[in-house]
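Architecture at a glance
So you can see what is in the structure, the chains are spelled out below.
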2 protein chains.
Amino acid sequence: MPELFQVITATQANERLAQHLTLLQRVEHVSLAEALDRVTAAELLSPTNLPTFPRSTMDGFAVRAADTYGASEGLPAYLNLCGEVPMGRAADVQVRLGEAARVHTGGMIPPGSDAVVMIENTQALDEQMIEVVRPVAMGENVLPVGDDVRQGDVLFPRGHWLRPQDLGGLAGVGLTSIPVVARPRVAILATGDEVVSADREPAAGQIRDINTHSVSALIRRAGGEPLPLGIAPDDAETMRQMACDALADADMLIISAGSSVSTRDMTAQMIAELGAPGVLVHGVSIRPGKPSILALADGKPVFGLPGNPVSTMIVYQLFVTPALHQLLGCTNPPARPLVQARLAQNVASRSGSEDFVPVYLEQRDDGLWAIPIFGKSNLIYTMVRADGLLQVPLDQAGLYAEDMVTIRLF
Amino acid sequence: MPELFQVITATQANERLAQHLTLLQRVEHVSLAEALDRVTAAELLSPTNLPTFPRSTMDGFAVRAADTYGASEGLPAYLNLCGEVPMGRAADVQVRLGEAARVHTGGMIPPGSDAVVMIENTQALDEQMIEVVRPVAMGENVLPVGDDVRQGDVLFPRGHWLRPQDLGGLAGVGLTSIPVVARPRVAILATGDEVVSADREPAAGQIRDINTHSVSALIRRAGGEPLPLGIAPDDAETMRQMACDALADADMLIISAGSSVSTRDMTAQMIAELGAPGVLVHGVSIRPGKPSILALADGKPVFGLPGNPVSTMIVYQLFVTPALHQLLGCTNPPARPLVQARLAQNVASRSGSEDFVPVYLEQRDDGLWAIPIFGKSNLIYTMVRADGLLQVPLDQAGLYAEDMVTIRLF
């Protein structure tokens, strides 16, 4: 029996689900060492100016700029040394008219001074006096208070995915306990009478569970916490019970459906009964991945992914990653790299479906080439051998050899 | 006093260090759940065929292909049903001449059969007999034994960075304890009399340690384990002692040098004395980051990075990330994404130096634009506000507004 469902585009499917998703409200406070690749749970304001004192950006002498106006090699300005500002200390000298204080890069400039002359533009006459041979403007070689960030400035909006430099920025203003959104807990249910755990020796007719492992890793990459539930047999009641238990605890559920139409139908029926409003999307105009299910059970997203490993990964990236980022409220999720390459051979496609073809890349004398890997979609090593995915748009019946194409790398 | 050093290009600097680096030999065995973003420590061979049995890729009937030759709607082939192969079990039927066995997608096809007819191309006459209305070729709709991977095949070379699909592939063949290269241990020493820990309230003239946090995160991204040592004062002997202690334990040492020329000179001198052969590179034709130091102390790489936060990150990515990947022996390190954008304003550059300018990206009606952020290089929020880096090549004196440029995203 062919499945009966109404096919919509991937974009429509994403939009339909997105309307129903709400931000996760659970917040954790983590240290800077744990904050990489987490998402801010609140707008973060700077508790301080950075820098908190006016800093020299050069080794040299803090002066009053006006004292150096017109100075040149031929007609230097003569200034009296009034002291030195040691690194890491408050300046305990005052620079008066006609005076200069020795300063180091990063050190405080003393009260009274308003610029720094680079040491290269000075000459020591004796221990008391220097010659300045080039003028400086007011503020030259000085980092004023708050030049980097001012107290009260918004450092990050809510929903910011924290990168290495962001942790540096937080450290700089002394924010060392960071409110982040809890990682969404994503339950994964593999199904199928033929599926056994990867650490077991399969008997004849059995295969090892692949999807739990690839999907767990994808969830980690997208900022979630995978909760593998194990493997359910092709039995609606057992599946339903495991799914219900999981949803009590998790924020999202992914079901890797069976491969045959009858078990897929059973999965769809079971998902429909998990909670309101039930199935939002059943059938998407993509290849592979057409029989995908997007559902909502009492506010929690539920995905029915096709059982085979390649479809599972492609459908995951199309629908689950965006949903996870939406739960996190993330405004700047990390992008997967894109590369331009020349297509090595024709790729046929059914018009009316977006096709995704794994490719590997080869650097040749005349540039980068993308070589499609035409495998049956149930071969996981098709994905292992690939560097990325080629997408054939909905309205194209195929792509031609030598076409310039965009490849999304893994 | 200006520093005295011989400047070479970034490429030359990388090559000079690379000659001296050797693979880390420490191996750990990790579970699949821990193997994401780790690097294989050995060539991995498949212990099994995948699949281990011939699988149907369709719901339908396993047949002898020859029995269907010439079959059509008008002249169907009539086959006797000899049984059904349940999912997850060995086929206990034998398909003989003129016979067919019901099979499900992913199930085993029985001995005697050599193809599968899709259910859509059949009609049940009664409980004993089906009509086949289209012929199948030998092997059609069947995944033969070892079609994905054969026993003994190389699954991954040594040095493979493990991605989500790779974990799926390992699960599929039952490899659940994976030999990976130990994470290189990278000690980080911040220095400077003015620097205090990020969780302390700085006194006048003091600043919080930024680099330990941004560099730790970068090390994690590149597959290493950061070992923050804390902050050394500008005192050669204390620094030397902390560096020596660290090198006894770590595989690599990063010193965030002081900002003033005198403390930088002291750092360079201290690094030179840490072990043979000592300093390999002192001075690179890049901006920011010119006074960078690349050294080797008794086989372990030591980096002296300029103290200011922006230079530190740029120099890190240029030199430390490749060195880490080389220690790991990694052949496919994750790439940072590149995007093409139009430059929003002129960028001047000193010819003879490779310049790196933080930019942010703006999607406008006519495409993507890159807006340079011209900040003093010691402002960490310059990097926080940026989406990526623009590189002005060595031989160019600058780039012009509206030029198409490549931006490396963070």
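Residues numbered from 1 in each chain as written. Chains lettered and ligands numbered in written order. Predicted model: local features only at pLDDT ≥ 70, side-chain atom pairs only at ≥ 80, totals over all residues.

Attention shifts here to the overall build of chain A. Helices and strands together make up the secondary structure of chain A, namely 7 helices and 28 strands. Taking 2.2 N^0.38 as the reference for a compact globule, 410 residues should give roughly 22 Å; the C-alpha atoms of chain A span a radius of gyration of 31 Å, well beyond that estimate. Over its C-alpha atoms, taken along the principal directions, chain A stretches across nearly 100 × 55 × 40 Å. Across the 410 residues of chain A, 51% fall into the buried class. Counting only contacts in chain A whose residues sit at least 6 apart along the sequence, the fraction spanning at least 24 positions is 72%. (Helix = DSSP H or I, 4+ residues; strand = E, 2+ residues; numbered from the N terminus. Rg over C-alpha atoms; globule rule 2.2 N^0.38 Å. Buried ≥ 20, exposed ≤ 12 C-beta atoms within 10 Å, placed from the backbone. Contact = placed C-beta atoms within 7 Å.)

The interface of chain A with chain B comprises 73 residues on the first partner and 73 residues on the second. Among the elements of the structure, α2 (164-172), β15 (207-208), α3 (211-221), α6 (309-328) and α7 (380-385) of chain A are those that each provide at least two residues to the side of chain A that touches chain B. Across the side of chain A that touches chain B, the residue classes break down as 34 nonpolar, 23 polar and 16 charged. (Nonpolar A, V, L, I, M, F, W, Y, C, P; charged D, E, K, R; others polar.)

Our next topic: the relation of the copies chain A and chain B. Least-squares fitting of chain A to chain B yields an RMSD of 0.1 Å, with the superposition described by an axial translation of 0.0 Å and a rotation of 180°. Classification of the inter-copy transformation places it as that of a two-fold axis. Scanning chain A for the C-alpha nearest the rotation axis identifies P337 of chain A, at a separation of 2.0 Å. When the interface residues of chain A are mapped onto chain B, 100% of them are again interface residues, pointing to one common binding face. (Least-squares fit on C-alpha atoms with pLDDT ≥ 70 in both.)

In this model, R287 of chain A is joined to P288 of chain A through a cis peptide bond whose omega is -5°. Following the sequence through the fold, P288 of chain A ends up in the loop between β19 (286-287) and β20 (293-297). A cis amide bond links A276 of chain B with the next residue in sequence, P277 of chain B, at an omega value of -5°. With respect to the element layout, P277 of chain B can be found in strand β18 (residues 277-282). Even without glycine at this site, D37 of chain A takes up a positive phi of about 65°. Even without glycine at this site, N141 of chain A takes up a positive phi of about 60°. Relative to the elements of secondary structure, N141 of chain A occurs in the loop between β9 (129-132) and β10 (142-143).

This part is about the sheet that holds strand β18 (residues 277-282) of chain A. All names here are of chain A. Taken together, the 6 strands give an open sheet; going across it, the order is β16-β13-β17-β21-β20-β18, and neighbouring strands pair in mixed fashion. Because the sheet does not close on itself, it has two edges, and the strands there are β16 (225-232) and β18. Neighbouring strand axes in the sheet, compared pairwise and without regard to direction, differ in orientation by 20° on average. Looking at chain direction, strand β17 (residues 252-256) and strand β21 (residues 300-305) are connected through 4 bridges and run parallel. (Pairing = 2+ DSSP bridges. Axes fitted to C-alpha atoms, helices over the stretch in contact; angles between N-to-C directions.)

Attention now goes to the environment of N346 of chain A. Residue and element names in this part refer to chain A. Mapped onto the secondary structure, N346 falls in the loop between β22 (338-343) and β23 (347-348). Put simply, N346 and G169 are 177 residues apart on the chain and 49 Å apart in space, counted from C-alpha to C-alpha. In this structure N346 touches G398, Y400 and A401, once residues within four positions along its chain are discounted.

What follows covers the nonpolar core. Within the largest apolar cluster, 189 residues are counted, with the highest numbers of intra-cluster contacts made by L253 and I254 of chain A together with L253 and I254 of chain B. Those residues within four positions of L253 of chain A in sequence are excluded, and the remaining contacts are A187, L189, A243, A246, L247, K300 and V302 of chain A. (Core = buried A, V, L, I, M, F, W, Y, C linked by C-beta atoms within 7 Å.)

This part takes up the sheet that holds strand β6 (residues 99-103) of chain B. All names here are of chain B. Pairing within the open sheet is mixed, and its 6 strands lie in the order β7-β4-β6-β5-β9-β8. The open sheet has two edge strands with one neighbour each: β7 (115-118) and β8 (122-124). Recorded for the sheet is a direction-independent mean angle of 40° between the axes of neighbouring strands. Two elements, strand β5 (residues 77-84) and β6, share 4 bridges in a ladder whose sense is parallel. Looking across to β6, one finds that E84 is bridged to R102.

So, on to the pairing of β9 of chain A. Residue and element names in this part refer to chain A. Burial along β9 is one-sided: I130 and V132 are buried, while M129 and E131, pointing the other way, are not. Pairing between strand β8 (residues 122-124) and β9: 3 bridges, direction antiparallel. By the bridge assignment, A124 is partnered in β9 with I130. Linking β8 back to β9 in an antiparallel pair, the connection comprises 4 residues.

With that out of the way, let us pick up the pairing of strand β28 (residues 404-409) of chain A. Residues and elements named next belong to chain A. Bridge analysis of β22 against β28 gives 5 bridges, and the strand direction is antiparallel. Paired with A341 across the bridge in β28 is V405. Note that strand β26 (residues 388-392) and β28 share 3 bridges and pair antiparallel. Bridge pairing in β28 places L390 opposite I407.

Here the focus is the domain arrangement of chain A. Segmenting chain A into domains produces domain 1 (10-16 + 185-328), domain 2 (27-50 + 147-181), domain 3 (55-143) and domain 4 (338-409). Once you take the C-alpha centre of each, domain 2 of chain A and domain 4 of chain A turn out to be 40 Å apart. (Domains from an automatic or database assignment.)

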